[in-house]
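Examining the three-dimensional arrangement
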Amino acid sequence: MVSKNIEKALNEQVKIEAESSQIYLAMACWAEVQGLEGIAGFMYSQADEERDHMLKLVKFINERGGHAQISALTAPNGSFASFKEMFEKLFEHEVYVSNSINELVHISLQEKDYATHNFLQWYVAEQIEEEAMARTILDKINLIGNDKGGLYLFDRDIQQLTITTASTSSTP
Ligand code: OFO
């Protein structure tokens, strides 16, 4: 059974994961209209993953005697000055999500809710992976700079990253 305090904190995370999905969906749309299919495909699959993260939380809250809340979301930013800016925003957002997961872990320990603490370890591991991936992408984008040919190759290569991510990530 989750306490009211834990239920509230988990529900806030439901909203964050839902907003993450929307943020990445908006990035996918922007990349798609720029004509970069690989980057768009990568962002579409990131959006799907974030929805899975949200669902995993929803199911956990309901299974533990709470009631998952599906709330209104803040509209995401839909355009970017460059791909560099887009991936910088992605990285910043993942760091923000990691901080909120850490805060949740902290609350679960304060309340001695070891079931929730154990459940959250999946998110802790996931955030390490996602921050590392965002950092790798940013390093590549920085190397490319303004080189159009480099961006073309990156767009082709990121599809491989999509395949690896999809096959290695766990589902809820
Ligand atoms: Fe990438 O954030 Fe979910 O957990």
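Let us look at the structure shown here.

Conventions adopted
Residues numbered from 1 in each chain as written. Predicted model: local features only at pLDDT ≥ 70, side-chain atom pairs only at ≥ 80, totals over all residues. Heavy atoms only, no water. Axes fitted to C-alpha atoms, helices over the stretch in contact; angles between N-to-C directions. Helix = DSSP H or I, 4+ residues; strand = E, 2+ residues; numbered from the N terminus. Parallel < 35°, antiparallel > 145°, perpendicular 65-115°, else oblique. Left-handed = near helix turned anticlockwise from the far one by under 90°. Contact = heavy atoms within 4.5 Å. Buried < 20%, exposed > 50% of the residue type's maximum accessible area, 1.4 Å probe, protein only. Phe/Tyr/Trp six-rings, centres within 6.5 Å; stacked < 30°, edge-to-face > 60°. Expected span 1.5 Å × (residues − 1). Bend = angle between axes of the 7 residues up to and from the residue. 1 Å grid on protein atoms, 1.4 Å probe; cavity = no way out; pocket = protein on both sides within 12 Å on 5 of 7 lines; lining within 4 Å. Points joined across faces, edges and corners; volume = space filled by probe spheres on them. Nonpolar A, V, L, I, M, F, W, Y, C, P; charged D, E, K, R; others polar.

**Comments concerning the packing of helix H2 (residues 37–63) against helix H3 (residues 83–110)**
Packing of H2 against H3 brings their axes to within 13 Å, and their N-to-C directions diverge by 15°. Classified by the angle between their axes, H2 and H3 sit roughly parallel to one another. Handedness of the H2/H3 crossing: left-handed. Residues Ile 39, Phe 42, Met 43 and Glu 50 of H2 form the contact with H3, whose participating residues are Phe 83, Met 86, Phe 87, Leu 90 and Glu 94.

**Comments concerning the environment of Gly 66**
Of note, Gly 66 is situated in the loop between H2 and H3. The class of Gly 66 is buried, set by a relative accessible area of 18%. Remark: the alpha-carbon pair of Gly 66 and Tyr 44, spanning 22 residues in sequence, is separated by 30 Å. The residues contacting Gly 66, other than those within four sequence positions of it, are Val 2, Glu 7 and Ile 61.

**Re the packing of aromatic side chains**
Both the distance between ring centres and the angle between the ring planes are used here to describe each pair of aromatic rings. For the coordinates displayed, the defined rule picks out six aromatic pairs. Their ring planes at 75° and their centres at 5.4 Å tell us that Trp 30 and Phe 80 sit as a pair that is edge-to-face. One end of the pair, Trp 30, is in helix H1 (residues 4–33); the other, Phe 80, is in the loop between H2 and H3, with 50 residues separating them in the sequence. On the numbers, 4.9 Å between centres and 80° between planes, the contact of Trp 122 with Tyr 123 is edge-to-face.

**Let's talk about helix H4 (residues 114–144)**
The terminal C-alpha atoms of H4, which comprises 31 residues, lie 45 Å apart, in line with the 45 Å expected from a rise of 1.5 Å per residue. Bending of H4 peaks at approximately 25° at the position of Leu 120. Where H4 terminates, the next one or two residues include Gly 145, which has phi positive at roughly 60°.

**As for the layout of surface pockets**
Considering only enclosed or pocket space, the largest pocket measures out at about 290 Å³ in volume. Looking at the largest pocket, the residues that line it are Ala 81, Ser 82, Phe 83, Lys 84, Ile 141, Asn 142, Ile 144, Gly 145, Asn 146, Asp 147, Lys 148 and Leu 151. Residue assignment for the lining of the largest pocket shows that the elements contributing at least two residues are H3, H4 and helix H5 (148–168). Broken down by element, the lining of the largest pocket gets its largest block of residues, three residues, from H4. For the lining of the largest pocket, the class distribution of residues is five nonpolar, four polar and three charged.

Read these as layout, nothing more, since geometry by itself doesn't imply function.
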